[in-house]
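# Report on the structure
One letter stands for each residue in the lines below.
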Amino acid sequence: MSVNEWILTIDGPSGSGKGTVAQLVARKLGWHYLDSGALYRVLGVLALRKKMDLEDESSLADVARNLELSFQSGDVFLGSERISEEIRTEQTGNLASKIATMHPVREALLQWQRDCAKAPGLVADGRDMGTVVFPRAKYKIFLTASVSARAQRRFKQLRDKGFGVNIRRLLHEIAERDERDMNRVISPLRAADDAICLDSTNIGIDEVVSSVMNLVRFE
Ligand code: C5P
């Protein structure tokens, strides 16, 4: 059986719920989970810490090539340092989306992501999982929701984590990030031709999870 038979990709814009859905589905299936956005976010954190020149694509690609990143029980580790919270701020997300426009960086991260496809299966979430990283995956979902629904969710998430947020600024930042993710030249955010599109604006996460589970179980 080809490795692609047990890969499920979930792509979509920021705040569509894809991360939550992907984790829940991975847990139900007992499959591995790849949060590809975390890779770009960690690069954002490192660029800030190392005070790197954000125009210097080749140095950022070097850092990407040598990323000692791991996911353990829902947490993200850089070497032995747990950086799960640090990578979740809006500042890091915006920085990640800028770094994600760089071709050498995306190239450097490609194999790392493909190596995550291990038995018994992989659920991968991001922007280009179904189009570029795993174009032959058997199951592909494109999950979206209106900008205001996504901003509301992010607002709640960030507030629950104790981050101070302004909803109007959040709306603006999400719209700006969408614009950048959809219109970049390399690996823009778009649904793969063979992806199933789901809109979570008016349905709960549980319903989305059920639809995705049905797809994998019965297709
Ligand atoms: O999904 P998340 O919000 O964590 O991703 C942060 C940023 O990383 C996105 O705005 C996007 O620019 C970038 N990204 C990407 N390709 C992926 C995953 C994330 O370009 N597969």
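That block above? That's the structure.
Just so it is clear, the structure is predicted and the values come from calculations on it, not from any experiment.

Strand order in the open sheet made by the three strands is β3-β4-β5, with antiparallel pairing throughout. Lying at the two open borders of the sheet, with one neighbouring strand each, are β3 (69-72) and β5 (81-82). Here two bridges tie strand β4 (residues 75-78) to β5, and the two strands are oriented antiparallel to one another. Its bridge partner lying in β5, Leu-78 is registered against Glu-81. Along the sheet, helix α2 (residues 36-49) makes contact with β3, β4 and β5, crossing β4 at roughly 45°.

Let's shift gears to the site of the ligand. Near the ligand lie 17 residues; those nearest to it are Arg-41, Arg-106, Arg-127, Asp-128 and Asp-181. Between the ligand and Lys-18, the relevant distance is 3.2 Å, taken from an oxygen atom to a side-chain nitrogen or oxygen of the residue. In the environment of the ligand, an oxygen atom lies 2.8 Å from a nitrogen or oxygen atom belonging to the side chain of Arg-127. Compared with its free state, where it exposes 450 Å², the ligand has 97% of that area covered by protein. Looking at the shell around the ligand, the elements that each hand over two or more residues are α2, α4 (90-99) and α8 (167-183). Looking at which element gives the most residues to the shell around the ligand, the answer is α2, with four residues. For the shell around the ligand, the per-class residue count stands at four nonpolar, four polar and nine charged.

Running from N to C, helix α1 (residues 18-29) and helix α9 (residues 205-218) point in directions that differ by 50°, and their axes come no closer than 10 Å. Taken together, the axis directions place α1 and α9 in an arrangement best described as oblique. In this structure, α1 crosses over α9, and the sense of that crossing is right-handed. Only Ile-205, Val-208, Val-209, Val-212, Met-213 and Val-216 of α9 make contact with α1, whose side of the interface consists of Thr-20, Val-21, Leu-24, Val-25, Lys-28 and Leu-29. Its residues assigned to classes, the contact of α1 with α9 comprises 10 nonpolar, one polar and one charged.

What follows covers unusual backbone geometry. The peptide bond linking Ala-119 to Pro-120 adopts the cis configuration, its omega dihedral lying at 5°. With respect to the secondary-structure elements, Pro-120 resides in the loop between α5 (103-114) and β6 (122-126). Even without being a glycine, Lys-51 presents a positive backbone phi close to 50°. Topologically, Lys-51 is positioned in the loop between α2 and α3 (57-65). Classification of Lys-51 by relative accessible area gives exposed; the value is 74%. Despite not being glycine, Ser-73 has its phi angle at roughly 40°, a positive value. Positionally, Ser-73 belongs in the loop between β3 and β4. Ser-73 sits in the exposed class, given a relative accessible area of 80%.

How each quantity is defined
Residues numbered from 1 in each chain as written. Predicted model: local features only at pLDDT ≥ 70, side-chain atom pairs only at ≥ 80, totals over all residues. Heavy atoms only, no water. Pairing = 2+ DSSP bridges. Helix = DSSP H or I, 4+ residues; strand = E, 2+ residues; numbered from the N terminus. Contact = heavy atoms within 4.5 Å. Axes fitted to C-alpha atoms, helices over the stretch in contact; angles between N-to-C directions. Near = heavy atom within 4 Å. Polar contact = N/O pair within 3.5 Å; in protein donor to acceptor, adjacent residues only side chain to side chain. Areas by Shrake-Rupley, 256 points an atom, 1.4 Å probe, with all protein chains shown as cover. Nonpolar A, V, L, I, M, F, W, Y, C, P; charged D, E, K, R; others polar. Parallel < 35°, antiparallel > 145°, perpendicular 65-115°, else oblique. Left-handed = near helix turned anticlockwise from the far one by under 90°. Buried < 20%, exposed > 50% of the residue type's maximum accessible area, 1.4 Å probe, protein only.

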